[in-house]
Amino acid sequence: MRMSTRVIHAGQRPEPVTGAVMPPIFTSSTYAQRSPGEHTGFEYSRSHNPTRYALERMIARLEGSTLSESDDVTFGGFGFASGLAAMDCVCELLTAGDEVVCFDDVYGGTNRQFQRVRARSQGLRVKFVDCSDVAKFERAMTPKTALVWVESPSNPMLKLCDLRAIARAAKAKNPGVLLVCDNTFATPMNQRPIELGFDVVHHSATKYLGGHSDVVGGVLVTGNRELAQRIRFHQNAVGAVMSPFDSYLVLRGIKTLAVRMERHGESAGRIADWLESHSQVDRVIYPGLASHPQHPLAKRQMEGFGGMITFFVKGGLDEARRFLESVHLFTLAESLGGVESLIEHPAIMTHASVPPEMRRELGISDTLIRLSVGIEDVEDLIADLSLGFAAARSRSNGRTSRPREGGPAGRKAAPGRRR
Ligand SMILES: *Cc1c(COP(=O)(O)O)cnc(C)c1O
């Protein structure tokens, strides 16, 4: 099956009792047994839930796991309460004191869990390395490295990791190393790390998989039978599972993943071109632009370039702030990957948990703006961004003359709360 068929049918079967085409939301916490220990395969919903299974089987097949039902009941797909809970499960696969190599340009919460939780509670020794440079990665990787964690494209600098080259280099140094790729930005529509030699794919299902900004969730997929058994054990033993309702929402979101990603990519491509030719823009970062330093790798490794764009507005924090306050269609909010367009300021918002000196090294400056391009009409989106540029040019933000339609009253001017 091709991907746009897979997102609708992969791993799915009609519900056996009623024939329901979409799996019912099974909220039951427990299941009747005929005789002690004799059950239908479902005992207790932390361990087994039919709605979660439907999602887990779907994402497993989308990410290219070829495990059979006898290898693993959900083909190596696992649902968690959030993306960070899924990361937590990966860490539980390690042993106290293990060595980790993590891409330096990862999601702020990934950085925080490694540095401020796992280093203390588990003694993990985490090296943050620019894995977009394979030679640097190879120098950091040792025969004792137990886990490699990368993200591609990365957040927010949209750097790419050459997944095939990293997998080859890592396994040459330590065949037992666990290779994990956070595939949240690319989605399986655009990139499938397991097919490129990775052991585990991680997602914040909160983003493109759910796609409608109405659910928080995480998933892991492996195509390796032994790893699937270990993840299954830990998913149940640690217990941060995805709820039946959330599983239903993510599965429902995935049904339109192919058409959504096509539109996200088309519109983001148009907007990236437009931004690149704008006189008030210093630089645009989008893997689909010929000016992206890794554009050849993007073309080789990805089937589409996604909906995320990062750009530097000319000026300083004031210009960036006026821009962010003056757009109307783009909602000023953290997160990404929904049908609606979002805009944010990584230095103050999503990446506030990254230490300031590390932010500087990564290039996360005060003029850096990140867009999650939604599936609205692209002309409307471009017109909206034009308002931002006009405000950045002027002294006022124009909010009083153009109130946000139906938006929250008293929207905070400064995005400076949290963490
Ligand atoms: C949001 C995000 C996460 C964390 O996922 P949650 O669902 O918020 O816990 C991890 N990685 C990336 C790339 C993300 O965007």
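Remember, predicted model here, so these are calculated numbers, not experimental data. (Residues numbered from 1 in each chain as written. Predicted model: local features only at pLDDT ≥ 70, side-chain atom pairs only at ≥ 80, totals over all residues. Heavy atoms only, no water.)

A.B. asks: Even after reading the chapter, I still don't get the nonpolar core, so can you show me in this structure?
C.D. replies: With 46 residues, the main nonpolar core has F114, C131, F137 and V150 as its most contacted residues. Breaking this core down by element, the ones donating at least two residues are β1 (77-80), α3 (83-92), β2 (99-103), α5 (134-140), β4 (145-151), α6 (163-173), β5 (178-182) and α8 (225-238). A per-element tally of this core places α3 first, with six residues. Not counting chain neighbours up to four residues away, the residues in contact with F137 comprise V101, V129, C131, V148, I166, A169 and A170. Listed in part, the 41 residues of the second largest apolar core include L55, L62, Y248 and I285. (Core = buried A, V, L, I, M, F, W, Y, C linked by side-chain atoms within 4.5 Å. Buried < 20%, exposed > 50% of the residue type's maximum accessible area, 1.4 Å probe, protein only. Helix = DSSP H or I, 4+ residues; strand = E, 2+ residues; numbered from the N terminus. Contact = heavy atoms within 4.5 Å.)

A.B. asks: Before we go on, may I ask you to explain the confidence of the model for the protein in this structure?
C.D. replies: In low-pLDDT segments, the atomic positions of the prediction should not be examined closely. For the protein, per-residue confidence averages 93 on the pLDDT scale, and residues scoring 70 or more make up 94% of the total. Scored below 50 in pLDDT, residues 400-419 makes 28 contacts in the model with residues more than four places away or belonging to other chains. (pLDDT = per-residue confidence, 0-100.)

A.B. asks: In this structure, what is going on with the pattern of salt bridges? I would like to understand it.
C.D. replies: For side chains bearing opposite charge, pairing can occur when the charged atoms are close. This structure, assessed with the given rule, holds 16 salt bridges. For D130, the salt bridge goes to K159, with nearest N and O atoms at 3.6 Å. Here K159 lies in the loop between β4 and α6 and D130 lies in the loop between β3 (125-129) and α5, a separation of 29 residues in the sequence. D130 gets classed as buried once you look at its relative accessible area, which sits at 17%. Residues E344 and R370 are paired through a salt bridge, measuring 3.2 Å at the closest nitrogen-oxygen approach. Of this pair, E344 sits in strand β11 (residues 342-344) while R370 sits in strand β12 (residues 368-372), placing them 26 residues apart in sequence. In this structure E344 comes out as buried when scored by relative accessible area, which is 1%. One continuous salt-bridge network, built from bridges that share partners, spans R13, R57 and E69. (Salt bridge = Lys/Arg side-chain N within 4 Å of Asp/Glu carboxyl O.)

A.B. asks: In this structure, what is going on with a positive patch on the surface? I would like to understand it.
C.D. replies: Side chains of R125, K127, K144 and K173 sit close together on the surface and give a patch of like positive charge. Along the chain, the position of R125 falls in strand β3. Note on R125: relative accessible area 47%, which makes it partly exposed. (Patch = residues over 30% accessible without salt bridge, like charges linked within 9 Å, V, L, I, M, F, W, Y side chains within 5 Å. Areas by Shrake-Rupley, 256 points an atom, 1.4 Å probe, with all protein chains shown as cover. Lys, Arg positive; Asp, Glu negative; His and termini not counted. Charge placed at Lys NZ, Arg CZ, Asp CG, Glu CD.)

A.B. asks: Whenever I open this one, the environment of A333 confuses me. Can you help?
C.D. replies: Mapped onto the fold, A333 is located in the loop between β10 (331-332) and β11. A relative accessible area of 21% means that A333 is categorised as partly exposed. If near-sequence neighbours (up to four positions away) are discounted, A333 is found in contact with L342, I343, E344 and M349.

A.B. asks: Please clarify how the packing of aromatic side chains should be interpreted in this entry.
C.D. replies: Each aromatic ring pair is described using two quantities: the centre-to-centre distance and the angle formed by the ring planes. A complete count under the given rule lists nine aromatic pairs for this structure. With a centroid separation of 6.1 Å and an interplanar angle of 85 degrees, the aromatic rings of F114 and W149 are classed as edge-to-face. Of the two residues, F114 sits in helix α4 (residues 108-121) while W149 sits in strand β4, which places them 35 residues apart along the sequence. The class of W149 is buried, set by a relative accessible area of 0%. Measuring from centroid to centroid gives 6.5 Å for Y286 and F305, while their planes differ by 75 degrees, and the two rings are edge-to-face. (Phe/Tyr/Trp six-rings, centres within 6.5 Å; stacked < 30°, edge-to-face > 60°.)

A.B. asks: Can you help me understand the site of the ligand in this one?
C.D. replies: Taken together, 13 residues sit near the ligand, with G83, D182, S204, T206 and K207 positioned nearest. Contact distances for the ligand include 2.7 Å between an oxygen atom and a side-chain N or O atom of T206. Here the ligand has 380 Å² of accessible area as a free molecule, and 93% of this is covered by the chains. For the ligand, the cavity whose grid points lie within 2 Å of the majority of its atoms is the largest pocket. Its residues placed into classes, the shell around the ligand shows four nonpolar, six polar and three charged. (Near = heavy atom within 4 Å. Polar contact = N/O pair within 3.5 Å; in protein donor to acceptor, adjacent residues only side chain to side chain. 1 Å grid on protein atoms, 1.4 Å probe; cavity = no way out; pocket = protein on both sides within 12 Å on 5 of 7 lines; lining within 4 Å. Sits in = over half its atoms within 2 Å of the grid points. Nonpolar A, V, L, I, M, F, W, Y, C, P; charged D, E, K, R; others polar.)

A.B. asks: Even after reading the chapter, I still don't get α8, so can you show me in this structure?
C.D. replies: In an α-helix, one full turn covers 3.6 residues, which means residues spaced three or four apart are oriented alike. The end-to-end C-alpha separation of α8 is 20 Å, in line with the 20 Å expected for 14 residues at 1.5 Å each. What α8 keeps buried is the set L227, A228, I231, R232, H234 and Q235. Elements that come into contact with the buried residues of α8 comprise α2 (50-62), β1, α3, β5, β6 (200-204) and β7 (218-222). Looking at where α8 begins, the residue whose side-chain oxygen comes 2.9 Å from the main-chain nitrogen of E226 is N224. Two residues or fewer after α8 comes G239, characterised by a positive phi angle close to 95 degrees. (Expected span 1.5 Å × (residues − 1).)

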